[in-house]
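Next come the chains, spelled out residue by residue.
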Amino acid sequence: MSGSVLPPSVYEQSLDCVHCGLCLTSCPTYLATGRETSSPRGRIYLMRGVAEGRIEAGPLLEEEASLCLGCRACETACPSGVEYGQMLEATREAIAGEPGPSTLGARFERVVLRYLVAVPGRLRAAMTGLRWVQRWGLDRLFARLAPKPVADAIALAPQVPGRESRAALPRLTPAEGVARGRVALFTGCIMSESFGDVHRATLRVLASNGFEVVVPPDQGCCGALHAHSGDGVFARELAERNLDVFGAEEIDAIVVNSAGCGAALREVEHWLGPRAAAFAGRIRDVCEWLDEVGLRAPPNPVSGSVCYDDPCHLVHAQGVAAGPRRLLAAIEGLEWSEHAEASSCCGAAGTYNLTQPEMSRVVLSRKIDSLEQADPDWIATGNPGCMLQIAAGVRQRGLRARVVHPIELLDAAYGTGDVTREGV
Amino acid sequence: MSAGDLRAALEAELGTDAVRDTDEATRATGVALLAQPPSGDGVSAVLRLLGERGATALIRGQGTQDLLGNTMDSVDVLLSTMALRGVDELDRQDGVVHVGAGTTLGEVAAAARPEGWELPLGAPAESSVGGALSIAAVGPRHLGQGPPRDCVLGLEFVLGSSERTRCGGRVVKNVTGFDLAKLYTGSFGCLGVIESGWLRLQPAPEVATQRVAMVAPEQDPVGLAIAVSRRPSTRCCVLLDDALAREVGAAAGEAGPDEVLMLVEFAGSAPGVEDDVRWLADASTVRELATDAVDALATLQQRGETAVRARLALLPSNCRPAVGKLREAGAECIVYPGVGLVYALWPKPSDAAVAVKAVTDAAVRFRADARFERLPFEHRQRLDVFGVGVDLRAAVERMRALKQRFDPAGVLNPGRFMGRL
Amino acid sequence: MDSLVASLKDIVGSEYCLARDEELFVYECDGLTLEGTRPLAVVLPDTAEQVQSVVVACREAGVPFVPRGAGTGLSGGAHAVPGSVLIECSRMTRILEVNVTDRIAVVQPGLVNAALSTAVAPHGLFYAPDPSSQQACTIGGNVAENSGGPHTLKYGTTTQHVLALEMVEPDGARVRYGSPTGFAEGFDLVGAIVGSEGTLGIVTEVTVRLSPIPEATETLLVVFPDVPSACRAVGQVIQTGLVPAALEIVDQRTIAAVEDSVYAAGLPRDAGAILIAELDGAACALPPEVATIRELSESCGATRFQVAANEQERSDFWRARKGAFGAMGRLAPDLYVHDAVVPRAKLPEILAAVCEIGDRYGLRLSNVFHAGDGNLHPNISFDRRDPDELERVMKAGREILETCVRAGGVITGEHGVGIEKRDFMKLVYEDQDLLPMLHLREAFDPQGVCNPGKVIPQTRFCVESNPHARGYDRVTFE
């Protein structure tokens, strides 16, 4: 691979780095290994070196571009504002676009992401199939026979919920009480299939807060997973479609309850240019939105303790951290505590837990250690991938906590939902 | 080479004024000839001369610590630093001073005090700066002053091999090269001779006041003393046995059985001192002192007549049990729990054997860094008074490697320091 | 060398011995990025035993080694020398013991500085030396450089907080020096090792003194019309005998950079200079001290005096100072951070001289520094790809150091000499003065295999016959 393959933007952005090293201790892979090569500073140095031709591009760049979680905690720590997330994406795209044979795994991943995950109908069918496999216990049988990496992936897979949870959402949900505005809900792909109840809870809570919610049926995947795996071309296509669908709606905000999607949608100007500014400017995470407009005091107490866990793409990529915490603090009877590793990555990182299972496990265990110490009733986090990953860790460690989306606790506080059921 | 030849050579180098027989005061060192070079060049010349002739020297300031250290083989010359004397520059804005090694602490104080500064070295006023630094002298106000090495900013230092060198500087923060000043401070004159140096002063406190409290055993004197030591304005906090308390003028009236006297000095800003005085009064019955008992204690601790005096450095949490054991062995103790220092005194020479055993046992058992500051000659001959009871061979090996390079001819203080270096 | 790499892989495991070209490239420099040297291999040991085995393996192969912490040093102390093995301590991050009663902690060298204070905070304690890089730098690195920080004014530098340490020496021996009591008998070898920039051995364990978190803290933000008046105020504060916990000055250029960055804290852009002062201690003692600083500041021309009303304001004030370095990084591709010290009373004239030098060479120079210690950090933003600007930066740097030395100052207050200032040692010392440093070095490392070529420049005393010394002293920093 030659240095000229890296786009000039990567080189330009690498000049912002002063090599101070303040990113090191925020990087999960550096903390796990101690290796500079597995740190943001080291990766940036390598990118710059390759771009300048001072080092022959070899396998290391690709290895590290894969090993990096893309959590962007380094961006939060960086005093110089280095846009590491963009540099990583551009590098992954450059590597993916390289001529020559890519691995079987990489090709498989691209096919799955483009032709299965991004197409709602096909994804639904696949998940229905998976549900039947799970009901009949075939997955556990397969896991015993399969090689370890596959078995691990199966262990991570959620129990696909029943038809009710995955049924289509109402196109329009009316506001309750005094109407304060009109918003659209972004539904994404994974959330709808694994956590349809979270969408329903979102609709109810927004309605309770006086917002009419429209769910455009033609919307699609946000493209985050594609961009993160180097398929920027396809990600842009998906972004265009969403721009069209949502652009047609008269709304105060586009509300997103998945942090990964929210981050991708917010940064769509980077893919599509200034014409996407209006769209990007209206994206809000649901907790951010409710905090911004002012939450109507929820009437019902919810008794128990909760630890809020920051999804990387909410705290680092979108800078939203205080809002969700304020909302939880507003729920009567809910004991809210901070655990030590709240804002460090859980290791899910999109499809990372499948592509880098060992590091994903190491990173997760740091988080689970901290949650074990805190021992809450609920762990609330606003991203489906994180919910799945943390739930897997909780199960494995035998902790008693239930993993929920913060909106579900609010739903219970408005008397329209129930968080005491068996959780994820 | 005869003593006469050596004298002649020294006189040729320094002039006859600077070379003479030792007098009453200095003959106790066992050395007959004294050389007192008036400058760094003179010191260098003497060391070169001695090195060439295979002769040895004992470095001496005011001689307040002549009895400190291991017994030495005979030495040819007493090398006095008393002519390297004077306060060269006092920078009142920066709070630093440049002095010759032979300057007494009293002379420095006289220059610094009127400008609102103090030299934080815990040695008697008569001792020389060079001497105090060479032994890293520690006094009763150690808590407020900090260790001697912290006040040394730079030194002009003549190596044992006679080169005149400088290290450090006049600024309060400096990492230009290795921190040689740390190596030299407390090196007991083994590596070279301090000519002069830059020292960091402390601001003279707005107020200073001394208090005395009688503490019964059930009130946990050591625990209380540690708490007092951790108050912001405490400059000295020491527990004294009754007899010692009387000696320094801190005791008044009869002490209860097993009662311990706690002597405290608070120094600093007026509101801070007031606050700490109030706190102490709440914690215990307290009497204000009119006399400077802490100064008297300094004299007792550093120059007092006693057959045996050992200094043990411990973690504060080990003070109580260690003192218990030492008292059982008949010691009178001066205890600084906040700093972790215990001075154990035995007045009679016949106590020496018991004392040596008790100190060695305490050092091993309570992981103390112990030394004998006073010990009858026949006992001193038989042991290394530094690092009693602990295996310090690795450190001694490094010290020897350094000694070989700094003083290849073995001119300086042969045998005086740890490891009989 | 392949057999050495194979042995190293055996010792630490193949994932912790890096020998591929690309990997070595990433390790070619530390916080000093203008030059770099790729090591032969990088090893990341996990235990003192592994460190020992690595040192012995290097010794047997006749190869020098270089210790490294987090690689945040600014003087190139952790740059490899050609053909050396870099021993990176970043995996040795454990706190081995915290003794709350006696206020000491025993830690491994790779522990991040800030992590130590965080860990002992629940006990009402903290680790006082607080370099600006404390979120990344390690205790081992702090020991090597005798690191400072804003709070060293009152609390002292690293050397005043290290009681004992364990070191793997160049001959492979593992030796303990010092004592937790702080009164170790014999020479102060710990004091000699702290600040020796990793040239005497590789430290594998450190016993440090912890300090009590003060009862009360007051943080002040004082605005001055220019830097010299702020410096005058600092000089006067020192002269009154007041010992604040910190006295930091930030100049206008730096303020502008900070306000343009994520660290924006609402600082006044028209301020010539800002003094951030911190006082700590007994709550009752602080008000008169605050009043003194106010009085002295106003007599020196201060136009605004603010006392932080709460934690949020306190951290806002400090963000300006702590974010300065990173904020400066956005102004240009490269940043040269100087580190000289002058007597406090000389600060006004020296700062004026430094700015004049910056102007004369046509450079973007800004100042942010530990005024209380007289420790300046003139920062120059530039682009190394412009050879003319690079040359001017180097010339200006030399002139700045010469000016400081002439005023009775020294060339480094906390970043160390490393390779960057090695040749400037001669501004401060004669060859004669370097002789005892050579003695110290050789007493620990007679073969010259431990981080050779750092700190001490060539002198007439250097032994030409030492095969390891030859060549390494030639690694120059231009």
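Residues take numbers from 1 onward in each chain, read along the sequence in its written order. Each chain takes a letter, starting from A, and each ligand takes a number, starting from 1, following the order in which they are written. Reporting of local features is limited, given that this is a predicted model, to residues whose pLDDT is at least 70; pairs of side-chain atoms are given and counted only at 80 or more, and all residues count toward the totals for whole chains, interfaces and linings.

Let's shift gears to the overall build of chain C. Secondary structure follows DSSP: runs of H or I at least 4 residues long count as helices, runs of E at least 2 residues long count as strands, and numbering of each begins at the N terminus. Each helix and strand in chain C was counted, giving 17 helices and 20 strands. By principal-axis analysis of the C-alpha atoms, chain C measures approximately 65 × 55 × 45 Å. Of all 478 residues assigned to chain C, the portion counted as buried reaches 63%. Working definition of a contact: two residues with C-beta atoms, positioned from the backbone, lying within 7 Å. Sequence-distant contacts, at least 24 apart, represent 70% of the contacts inside chain C between residues at least 6 apart. Exposed residues have 12 or fewer other C-beta atoms within 10 Å of their own C-beta, buried residues have 20 or more, and partly exposed residues fall in between, where C-beta atoms are placed from the backbone.

Each partner contributes residues to the interface: chain A has 24 residues there, and chain C has 32 residues. Looking at which element gives the most residues to the side of chain A that touches chain C, the answer is helix H3 (residues 40-52) of chain A, with four residues. Its residues assigned to classes, the side of chain A that touches chain C shows 11 nonpolar, 10 polar and three charged. Gly counts as polar in this scheme, as do all residues outside two lists: the nonpolar Ala, Val, Leu, Ile, Met, Phe, Trp, Tyr, Cys and Pro, and the charged Asp, Glu, Lys and Arg.

The next point concerns helix H11 (residues 311-322) of chain C. Residues and elements named next belong to chain C. Helix length check: H11, at 12 residues, gives a terminal C-alpha distance of 16 Å against a target of 16 Å (1.5 Å per residue), a fit within 8%. When we look at burial in H11, the residues that qualify are Phe317, Trp318, Ala320, Arg321 and Lys322. On the buried face of H11, the contacting elements are strand S12 (216-224), strand S13 (246-251), helix H9 (252-259), strand S14 (273-281), helix H12 (324-329) and strand S18 (364-369). Under the convention used throughout, the expected extent of a helix is 1.5 Å for every residue step, that is, one less than its residue count.

In this section: the arrangement of the chains. Taken together, the two pairs of chains in contact show their highest number of contacts between chains B and C. Separated without contact, chain A and chain B have their nearest C-alpha atoms at a distance of 21 Å.

Attention shifts here to the environment of Arg114(A). Residue and element names in this part refer to chain A. On the secondary structure map, Arg114 appears in helix H7 (residues 104-117). It is 9.1 Å that separates the C-alpha atoms of Arg114 and Ala235, two residues lying 121 residues apart in sequence. Setting aside residues up to four positions removed in sequence, Arg114 forms contacts with Asp231 and Phe234.

With that settled, the discussion passes to the domain arrangement of chain C. You'll often see interface size given as the accessible area lost when the parts meet. Taken domain by domain, chain C consists of domain 1 (2-88), domain 2 (95-212), domain 3 (216-406) and domain 4 (431-472). Centre-to-centre, using C-alpha coordinates, domain 3 of chain C lies 37 Å away from domain 4 of chain C. Residue ranges for the domains trace back to a domain assignment, done automatically or taken from a database.

This brings us to unusual backbone geometry. Positioned with a positive phi, Ser162(B) is a non-glycine residue whose angle comes to about 85°. Checked against the element boundaries, Ser162(B) lands in the loop between strand S8 (152-159) and strand S9 (164-168). Of note in this structure, Arg103(C) is not a glycine but carries a positive phi near 60°. Tracing the backbone through its elements, the reader meets Arg103(C) in the loop between strand S5 (95-99) and strand S6 (104-107).

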